[in-house]
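# Structure at a glance
The chain contents come next:
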Amino acid sequence: MKQIREDEGNIIIGAAVTHSEIIESDLVNQYFPALALACSMIGSHQIRNTATIGGNLCTCASCADTAPILFAFGASVEIKSSSWSRTILITDFFKGHHYNDLMKGEILTSIIIRKPSFKKGSFAAHYEKFGLRNSAAVSVASVAVSLRVEDEEVVEGCIVVGACAATPIVCLKSIEMLNGTNISQVKEGSEFIKLLGETVAKEIFPIDDIRGSSNYRKDIVRVISGRAVLKALSNIGEKA
Ligand SMILES: Cc1cc2nc3c(=O)[nH]c(=O)nc-3n(C[C@H](O)[C@H](O)[C@H](O)COP(=O)(O)OP(=O)(O)OC[C@H]3O[C@@H](n4cnc5c(N)ncnc54)[C@H](O)[C@@H]3O)c2cc1C
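I will try to describe carefully the structure that is included in this document.

About the criteria used
- Residues numbered from 1 in each chain as written.
- Predicted model: local features only at pLDDT ≥ 70, side-chain atom pairs only at ≥ 80, totals over all residues.
- Helix = DSSP H or I, 4+ residues; strand = E, 2+ residues; numbered from the N terminus.
- Contact = placed C-beta atoms within 7 Å.
- Near = placed C-beta within 6 Å.
- Expected span 1.5 Å × (residues − 1).
- Buried ≥ 20, exposed ≤ 12 C-beta atoms within 10 Å, placed from the backbone.
- Arc of directions from axis to C-beta.
- Pairing = 2+ DSSP bridges.
- Axes fitted to C-alpha atoms, helices over the stretch in contact; angles between N-to-C directions.
- Parallel < 35°, antiparallel > 145°, perpendicular 65-115°, else oblique.
- Left-handed = near helix turned anticlockwise from the far one by under 90°.
- Nonpolar A, V, L, I, M, F, W, Y, C, P; charged D, E, K, R; others polar.

## Focus on the overall build of the protein
- If you tally the helices and strands in the protein, you get 10 helices and 11 strands.
- C-alpha extents for the protein along the principal axes are approximately 55 × 45 × 30 Å.
- The long-range share in the protein, meaning contacts at least 24 apart out of those at least 6 apart in sequence, stands at 63%.

Next comes the structure, spelled out in structure tokens:
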């Protein structure tokens, strides 16, 4: 549970790996630097050195920063008890705010992320977090994007909004809009980015709380979703 390893098709991150260990991991940075980026935005050095990815996921806070990007990667989690083992999609692990799928006697042992196929086009991702400070700030809203580009077209895009509902939200209409788009249309200030931001904002129904009102969160998401897509695309040809 303290290891990060790979097999033929997956990167497997032990649940007891700390955020700092993920940030420094060559394997994570080779395949999924957006996850390292998300971990680097959690709390402070002291928190990242102690807190684990398993603890972050099991807490199941709506603002958990490792969740949206793992949703976007289509990650799975391995759960074990003393007598059985099961693997489920991370989307099924998150049941609600502070409510996960663990049953009595079970622990989360690892997070499994399928390696992207670099042969079929380029894969990239980005995590954009908006907090009230640059450091040690809980997300007011966040957006994770992963996508693949094949023949100048976005395929297998995914957009996930964090901290705006009990669990991260997979934005299906926005994903539909993103997939099949020629990347020449996806430019800063373009009509496409404006429309995409509007579409993502319409797919969320955030709460009002001490960190921001529902409308404020929608305004933030309208802006940072476009930013996340643009930054993900700018990583194409490099890494996820
Ligand atoms: C000051 C501060 C700032 C923070 N900032 C952020 C932030 O910006 N973004 C963010 O996402 N989070 C933030 N957090 C939350 C923190 O990242 C998570 O709480 C952390 O990852 C938890 O890790 P842990 O190993 O300490 O878990 P613990 O606190 O030890 O465990 C949390 C819960 O999960 C259970 N648990 C832990 N591991 C497992 C497992 N493998 N299987 C089953 N159950 C398990 C524990 O029993 C407990 O109920 C912050 C926390 C603090 C204190």
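## Quick word on the site of the ligand
- The environment of the ligand is made up of 19 residues, and the closest members are Gly 43, Ala 51, Gly 54, Gly 55 and Asn 56.
- Broken down by secondary-structure element, the contributors of at least two residues to the shell around the ligand are α4 (45-50), α5 (53-59) and β7 (107-114).
- Ranked by residues supplied to the shell around the ligand, first place goes to α5 with 5 residues.

## With respect to helix α9 (residues 191-202)
- The end-to-end C-alpha distance of α9 is 17 Å, a good match for the 16 Å that 12 residues give at a rise of 1.5 Å each.
- Those residues of α9 lying buried are Leu 196, Gly 197, Val 200 and Ala 201. The arc enclosing the buried residues of α9, seen along the axis, measures out at 130°, which places them on a common side. Across from the buried face of α9, at angles greater than 90 degrees, the exposed residues are Glu 191 and Lys 194.
- Where α9 is buried, its residues contact β10 (153-162), α8 (172-178) and α10 (214-234).

## As for the pairing of β7
- Summarising the sheet, strand β2 (residues 10-14) and β7 pair through 5 bridges and their orientation is antiparallel. The partner of Ile 13 across the bridge, within β7, is Ile 111.
- Sheet topology places strand β3 (residues 76-80) next to β7; 5 bridges connect them, and they run antiparallel. Directly across from Glu 78, in β7, lies its bridge partner Ser 110.

## Describing the sheet that holds β7
- Strand order in the open sheet made by the 5 strands is β1-β2-β7-β3-β4, with antiparallel pairing throughout. If you trace the sheet from one side to the other, it starts and ends with β1 (4-6) and β4 (85-89), each paired once. Averaged over all adjacent pairs, the angle separating strand axes in this sheet is 25°, with direction ignored.

## Some points on the sheet that holds strand β9 (residues 139-150)
- Spatially, β8-β9-β10-β11 is the arrangement adopted by the 4 strands of the open sheet, whose pairing is antiparallel. Each edge of the open sheet carries a strand with a single partner, namely β8 (122-131) and β11 (169-170).
- Packed onto the sheet, α10 meets β8, β9 and β10 and runs at close to 30° relative to β9.

## Some remarks on the pairing of β8
- Among the 10 residues that make up β8, 8 are buried, leaving the element largely enclosed by the rest of the structure.
- Relative to β9, β8 runs antiparallel, the two sharing 10 bridges. For Tyr 127, the partnering residue across the bridge sits in β9 and is Ala 144.

## A word on the packing of α9 against α10
- α10 packs onto α9 with a crossing angle of 130° between their chain directions and a minimal axis gap of 8 Å. Between α9 and α10, the crossing angle belongs to the class labelled oblique. In the crossing of α9 with α10, the sense of the turn from one axis to the other is right-handed. Facing α9, whose interface residues are Ile 193, Leu 196, Gly 197, Glu 198, Val 200 and Ala 201, α10 presents Lys 218, Val 221, Arg 222, Val 223, Ser 225, Gly 226, Val 229 and Leu 230.
- Residue classes in the contact of α9 with α10 are distributed as 8 nonpolar, 3 polar and 3 charged.

## Considerations on the environment of His 19
- Of note, His 19 is situated in helix α1 (residues 19-24).
- If near-sequence neighbours (up to four positions away) are discounted, His 19 is found in contact with Cys 39, Ile 42, Arg 48, Ala 51 and Ile 53.

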